[in-house]
Amino acid sequence: MAGWRPSLLAIALIGAPVQAAATEERVFNVPGGALSVALPQLSRQAGVSISVADGPLWQADVRPVRGRMDVEDALKRLLVGTGARAVRVNRTSWRIERRLPAPREARRVAPSSQPRAREPARDVVAAAHDEIIVTASKTDLPYARFAGVATRLDGDDLSFGGERGTETILSRVATVSSTHLGSGRNKLFIRGIADSSFTGPTQATVGQYLGDIRLSYNAPDPDLRLYDIDSVEILEGPQGTLYGAGSLGGIIRTLPKAPDPRASSVQAIAGFSLTQHGDPGGDIAAIANLPVGDRHALRLVGYTISDGGYIDNPLTGQKDVNRVHVRGGRGTFRLYPGDDWTIDIGGVYQAITSDDAQYADKDGPPLTRSSMVQQNATARYGMGSVVVMKDWDDLHFQSSNAYIDHRLFERFDASLPVAQSGNNNSPGVAMGAVDVERLFAPIQIIPMSNVPRVLDQRNRTRMFVSENRLSRPYRDGLGWVIGASFIDNRARQNREYAYGPLRATLPGVTNTVTEVTGYAEATVELLPDLMASGGLRLSHAKLGGMAEGVSFALAQANLATTASRTETDLLPSFSLLATPLDNVRLYARYQEGFRPGGLAVDGNFVRRFHNDQVRTWEAGLRLGDKGRGLIDASFSVSHTRWRNIQADFIDSTGFPTTANIGDGRITSVSGAVAIRPTAALTFDLGAVYNHSRVDDLSPQILPVFDLAPGRLGRIPNVASHAVRGSLTYATVIGDEDFRVNGWASYIGPSRLGIGPVLGESQGDYVDTGLAMRVGNERRGLSFTLTNLFDSRGNRFSLGTPFIEGNEGFMTPLRPRTLRVAIDVAY
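The model shown is predicted, which means the values in this text are computed figures rather than measured ones.

Criteria and thresholds
Every chain's residues receive numbers from 1 upward, in the order its sequence appears when written. Confidence filtering applies because this is a predicted model: local features only for residues at pLDDT of at least 70, side-chain atom pairs given and counted only at 80 or more, and all residues used for totals across whole chains, interfaces and linings. Remark: hydrogens and water are excluded; side-chain values derive from all non-hydrogen atoms of the structure. Secondary structure is summarised from DSSP: a helix means a run of H or I of at least four residues, a strand means a run of E of at least two, and numbering begins at the N terminus for each. Remark: exposure states derive from per-residue accessible area (1.4 Å probe, protein chains only) relative to the maximum for the residue type, with buried under 20%, exposed over 50%, and partly exposed in between. Should any heavy atoms of two residues lie within 4.5 Å, those residues are considered in contact. Computed with a 1.4 Å probe, the accessible areas rest on the Shrake-Rupley method; for each residue, only the protein chains presented here act as cover. Note on geometry: axes are lines fitted to C-alpha atoms, helical ones only across the stretch in contact, with angles between N-to-C directions running from 0 to 180 degrees. Orientation is classified from the angle alone, with under 35 degrees giving roughly parallel, over 145 giving roughly antiparallel, 65 to 115 giving roughly perpendicular, and any other angle giving oblique. For this classification, the nonpolar set comprises Ala, Val, Leu, Ile, Met, Phe, Trp, Tyr, Cys and Pro, the charged set comprises Asp, Glu, Lys and Arg, and every other residue, Gly included, is treated as polar. When DSSP finds at least two bridges between two strands, those strands are taken to pair. The nonpolar core is taken to be a set of buried Ala, Val, Leu, Ile, Met, Phe, Trp, Tyr and Cys residues, with the residues joined through side-chain atoms within 4.5 Å. This arc is built from the directions going out from the helix axis to the C-beta atoms. Pairs of N or O atoms within 3.5 Å make up the polar contacts considered here, provided that, within protein, one atom can donate a hydrogen while the other can accept it, and that residues adjacent in sequence are counted only when both atoms are side-chain atoms. One confidence number per residue, pLDDT, is output by the predictor and ranges from 0 to 100.

**Focus: the overall build of the protein chain**
In terms of regular secondary structure, the protein chain is built from eleven helices and 44 strands. In the protein chain, buried positions account for 62% of the 826 residues. By sequence separation, contacts in the protein chain at least 24 residues apart represent 69% of the contacts at least 6 residues apart. When the accessible surface of the protein chain is totalled, it reaches about 29800 Å², and 58% of it is carbon and sulfur.

**What about the packing of helix H2 (residues 35-46) against helix H3 (residues 71-79)?**
Two numbers describe a pair of packed helices, the interaxial angle and the distance between the axes. Across the interface, H2 lies against H3 with an axial gap of 11 Å and an inter-helix angle of 170°. Classed by the angle they form, the pair H2 and H3 counts as roughly antiparallel. The residues of H3 that touch H2, namely those facing Leu35, Ala38, Leu39, Leu42 and Ala46, are Val71, Ala74, Leu75, Leu78 and Leu79. In the contact of H2 with H3, the residues fall into ten nonpolar, no polar and no charged.

**Section: the sheet that holds strand S14 (residues 213-214)**
What the five strands build is an open sheet, ordered S10-S15-S16-S13-S14; its pairing is mixed. Either end of the sheet is taken by a strand with one partner, and the two such strands are strand S10 (150-154) and S14. As paired strands, S10 and strand S15 (residues 229-236) are joined by five bridges and run antiparallel to one another. Across the sheet, Leu153 pairs through a bridge with Val232, a residue of S15.

**A closer look at the pairing of strand S36 (residues 656-660)**
Most of S36 sits out of view: five of its five residues are buried. Along S36, one buried face is formed by Pro656, Thr658 and Asn660 and the opposite face, lined by Thr657 and Ala659, is buried too. Note: strand S35 (residues 646-650) against S36, five bridges, orientation antiparallel. Bridge assignment links Phe649 to a residue of S36, and that residue is Thr657.

**Let's talk about the nonpolar core**
Formed by 23 residues in total, the largest nonpolar core has its most connected members in Phe28, Leu35, Leu39, Leu42, Leu78 and Ile96. At the level of secondary structure, the elements contributing two or more residues to this core comprise strand S1 (25-30), H2, strand S3 (49-52), strand S5 (65-70), H3 and strand S7 (93-98). Those residues in contact with Leu78 that sit more than four places away from it in its chain are Val30, Leu35, Ala38, Leu39, Leu42, Val62, Arg63 and Val65. Leu210, Leu224, Val348 and Val513 belong to the second-largest nonpolar core, a separate cluster that totals 21 residues.

**Comments concerning H3**
For H3, every residue scored as buried is listed here: Val71, Ala74, Leu75, Leu78 and Leu79. For H3, the angular spread of the buried residues around the axis is 120°, confining them to a single face. Structurally, the start of H3 carries an N-cap: the backbone nitrogen of Glu72 is 3.1 Å from a side-chain oxygen of Asp70. Within two residues after H3, Gly81 carries a phi angle of roughly 85°, on the positive side.

**Focus on the side chain of Arg369**
Topologically, Arg369 is positioned in the loop between strand S22 (360-361) and strand S23 (377-391). A polar contact of 2.9 Å, which involves the side chain of Arg369, links it to the side chain of Asp356. For Arg369, the residues in contact, after removing those within four places along its chain, are Ile311, Asp312, Asn313, Pro314, Val321, Asp356, Ala357, Gln358, Tyr359, Ala360, Asp361 and Gln375.

**Remarks on the confidence of the model for the protein chain**
The predicted coordinates ought not to be read in detail in places where the model reports low pLDDT. When pLDDT is averaged along the protein chain, the result is 82; 83% of the residues meet or exceed 70. Low pLDDT, under 50, characterises residues 101-131; the stretch is placed with 92 contacts to residues that sit more than four places away or in other chains. In this model residues 418-446 is a low-confidence stretch, pLDDT under 50, and it forms 52 contacts with partners more than four residues away in sequence or in other chains.

Dropping the structure here:
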């Protein structure tokens, strides 16, 4: 059976590396004892996920495993005498289960020609008895003992059909949503906890991680491309106890494939795409694994992508103006100095260049926008990291350290409508605190109404982060983690107007945050069918900043606003998990989260906004055995109380700013079901319903929005409902593996932002796609068709906030696109 599994599993590979099968060898050093202690260590050393199908097996005594061997042999040695066996699920996953009576007889009567199907995608909410280890729990907690909603997306499934970065995650998980300003400029939201449409000084509501390294603090989603990824884990929030500030909605943790010292390998992927009503595009990527000596290895990833544009600008006569270029790479050098120490030295770089904005005029011809200027944007992300790990018999130590530099340049159209030029009473003329025509009047040599006007915005974030933790993997009814972290983040925003050859600097702002945190969490088995978890996090933050681009006298006059200050937050959490019946689990949990305050641009200077907090109560039910049997399902209900909401909005002068807008509440209901009528066919369905309200607007906000105290508003960018479904069929045709996957998602209506200027509706559209691949582990040919019905939709109603009439914009779906790709491996 080991002979056909590698080629079978290769049907999932589009743009992802292909490793050898179970015959590859690794160096293992796993002590004997309880399976609950040994298995997490073997899983980390092997670089695979391992589930346990029968809970009592966790207490089985297993033998030590030491020496060089493949994963299959390591598992066999580990399980000798336990009455259990290891079954390969896919290329990076195994399942341990009890041996069945006379299993060979059952295999002899099975027809040899029966189709062999790939294991269904791991893109549904975790179910009851699937005990794949939740590494994001920081205690290697099995799913069966995890109280909450956890989603695991397999790396091969993410890359199937072409690499689309964060868009791939959005198309697979109904509870994750995003703004759509452009690649490298978006904000992510989970479970309806969304603050605004802009990327301002507020910290993100979703924590993003590459391994155990935080990717950003108050910067947008870097949209790193998911080449050579083992899996993506999504934990719905808040996750304040383990992950601290900025995890109000939850976390998204991307796990890259680890360097392998056993054998060298090279993979390459190339694709060509055709977009209806637009320009063609293409992509190429390469992945290399290079052993260094007998114990070390280097893993490299490089890629370049060009997505064809599809928006026309009839005002300038240009077509397909919004092409996007992405180039980047990642490298990790893994050292094994001995004595169970592991050191990873890594780096990431990615640059995204958008030639023009991707929004269109709502009332104009389809896929067109009349703009006087080119609204280009550039996002550059770089990270260097060092991760040190050490395993003892029942303890695991990890130190994760990184320096991040994230830069974003954006250009917005701020041109004056010709009919309004010279009318300074129009809100389209005097923007914010700067009347540009009056400012340039002494040196004006050309008519202002005939010259395009732009607003350039530059954001730079510099962050150093370090986390050190000691954990005891769950076993014998107990697991715990204790840790400390340090974050130093500096974010600067500068803005300026350009009016023909003339330029004027606008007020900007710098925010600094230094945060020191200690946390601990433990999971205890109170009774055979009752688990309890509890934790506490204490964070102390020093906040500071300054105004940029203002006079010295004005800066001195407002020192009280920019003066350093401190905040201390205590975040408790607790949960209960019960198993009243076989294959039925009930859970309830309580979590808190927060974001520190900061400074935001306010007219000629800056304003201070305070920290906000969320408190969430959640209850859920999980049925069935995920990935096994005919059906599995899950259901959860959560209620969140959000105080002092930090949000960006358009103020009375026409500029984006940030303030605490008031208090709100969010009720979310989500569910997922997977049905497997045959070994080759899988149906998945997931849905979420959100009900959100801002029920207590801040008094300082009411005059800005001209709202009465009794007026209530929806929290922005939260779709009232979303549904996602997919069908996967996998089989073998001759000597080649064949897989096809079709999906459709519906995103319900939402509101762009807070206030009348951002009151536009968006959403209420359907997105579809179909992907197929035929080949084996060494080569493959794939076809992908997205937006099958060539629908337009409106993903995002924000174009540019700096011109009058900004309510007339929409961001359409990418038109129907066909991609043809090949992948090879050596």
